[in-house]
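Listed below, chain by chain, are the residues.
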Amino acid sequence: MPGCALAYWSRRHGFAPTVVERAPGTRPGGQAVDIRGVALDVVERMGLLGRVREAATRMRGMSLLDADGNEVHRSTEATFSSGRLDSGDVELLREDLVAMLEQLADGQAEFMYGDRITGLDEGEHGVTVDFAHGPSRTFDLVVGADGPHSAVRALAFGPEREFTHHLGSHLAIFGAENFLGLDNWQVWQRDGDAGYGIYPVRDNSELRITFGFASGPLDAVPREPDALKRAIADRMGALRWERARLVKALWAAPDLYSDAMAQIRLDRWSRGRTVLLGDAGYCASPLSGQGTGLALVGAYVLAQELGRAGGEHREAFARYEARLRPFVTLNQALATENPGGPASTESVERAKNAVALDG
């Protein structure tokens with residue numbers, strides 16, 4: 001996602017971007033994401049705000065359930081996933097936003113699908129990049145926008161463990177048919193150290209199930225889908241309400257996302273001609289609700305500073321970091337302010353606008 005946003009903005013500043021995507025095409029699946037505050041301004045400047053609002057979820061409210069599925073609280077004013085329902089913020093499915101950004105960047109950039117970066121060799125005038133499948137090529141600059149487990153970051157900065165700060169929980173997100181019959185309504189439950197949020201999408205025809213549990217990274221579990229599903233199903237075994245149907249949906253899901261909740265923190269986001277963008281450089285974790293905003297705003301600011309500096313990367317990278325780091329710091333704090341629950345409304349409002357776009 002941030003790679004496509006950067007491709008669009010960097011092209012407008014006179015650069016010729018190339019986007020490398022490991023997947024063979026647009027990645028499906030994922031949870032609903034939020035676009036808030038200054039990130040909405042970025043989307044509007046891209047000409048996408050109307051489409052984004054049309055694709056927004058239409059939640060009417062939420063229920064909190066006890067361990068047996070009894071409602072203990074309900075709200076028609078706010079939901080945990082999107083905040084206040086009367087705000088101007090937008091919640092939409094990640095896959096819908098990604099598709100919009102890819103369509104916008106189409107024709108603005110060269111896309112290399114089904115490949116990945118395996119080596120970086122920086123010289124005086126550029127970086128020679130090795131690929132898993134294609135021939136090596138030389139670029140002026142390299143931007144790592146490849147998520148919290150960034151291969152670019154590992155090549156340029158060192159092992160992931162040096163920059164990862166675990167938050168003590170694990171998240172699994174997957175889709176299912178709407179077997180609960182939810183009508184634009186979310187349900188949330190916590191049972192001991194585990195819990196979930198469930199909400200309908202696609203005109204109530206599908207569910208997105210977000211299951212979380214207290215845990216560090218599942219390092220001993222292979223990243224192979226069946227092994228991950230087995231480990232998650234074991235954790236679901238402690239649930240009472242709807243456990244059987246939730247586990248059945250997990251095993252049938254084609255789109256499982258599963259990862260430890262963690263933040264990426266670096267003293268610097270650039271090294272030589274390589275710079276980091278979005279989760280690769282400053283992942284706030286899904287617990288912050290601001291990962292999408294950080295990526296969109298980061299892409300805008302980075303492209304703007306590269307344009308202002310005439311491509312002089314040292315100057316541009318320094319300005320990019322100086323402008324964005326306070327924004328990142330406040331948004332990362334949202335994930336740690338209230339462990340096990342949402343951040344305060346005041347903190348969210350302060351964090352989502354803590355950067356000036358300029359121009």
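Being a predicted model, the structure only gives us computed values, none of them experimental.

## Let's talk about the overall build of the chain
Working step 1: The secondary structure content of the chain amounts to 11 helices and 19 strands.
Working step 2: At 20 Å, the chain has a C-alpha radius of gyration in line with the 21 Å of a compact globule built from 359 residues.
Working step 3: Viewed in the frame of its principal axes, the chain has a C-alpha envelope of about 65 × 45 × 35 Å.
Working step 4: Per-residue burial over the chain gives 52% buried out of 359 residues.
Working step 5: The contacts of the chain with a sequence gap of at least 6 include a subset with a gap of at least 24, amounting to 68%.
Working step 6: Averaging the locations of the 39 positively and 49 negatively charged side chains of the chain gives two centres separated by 1 Å.

## A closer look at the nonpolar core
Working step 1: If you look at the biggest cluster of nonpolar residues, it comprises 60 residues, and the most contacted ones within it are Ile35, Val52, Val297, Tyr320 and Leu324.
Working step 2: Element by element, the count of residues in this core is highest for helix 9 (residues 291–308), at 10 residues.
Working step 3: Setting aside residues up to four positions removed in sequence, Leu324 forms contacts with Trp269, Tyr282, Val297, Gly298, Val301 and Val355.
Working step 4: Membership of the second largest hydrophobic core comes to 25 residues, among which are Ala172, Phe174, Ile232 and Ala249.

## Considering the environment of Trp9
Working step 1: With respect to the helices and strands, the residue Trp9 is situated in helix 1 (residues 2–12).
Working step 2: Residue classification places Trp9 among the buried positions, given a relative accessible area of 6%.
Working step 3: Along the backbone, Trp9 and His133 are 124 residues apart, and their C-alpha atoms lie at a distance of 28 Å.

What counts and what doesn't
- Residues numbered from 1 in each chain as written.
- Predicted model: local features only at pLDDT ≥ 70, side-chain atom pairs only at ≥ 80, totals over all residues.
- Heavy atoms only, no water.
- Helix = DSSP H or I, 4+ residues; strand = E, 2+ residues; numbered from the N terminus.
- Rg over C-alpha atoms; globule rule 2.2 N^0.38 Å.
- Buried < 20%, exposed > 50% of the residue type's maximum accessible area, 1.4 Å probe, protein only.
- Contact = heavy atoms within 4.5 Å.
- Lys, Arg positive; Asp, Glu negative; His and termini not counted.
- Charge placed at Lys NZ, Arg CZ, Asp CG, Glu CD.
- Core = buried A, V, L, I, M, F, W, Y, C linked by side-chain atoms within 4.5 Å.

The values are spatial; any link to function lies outside them.
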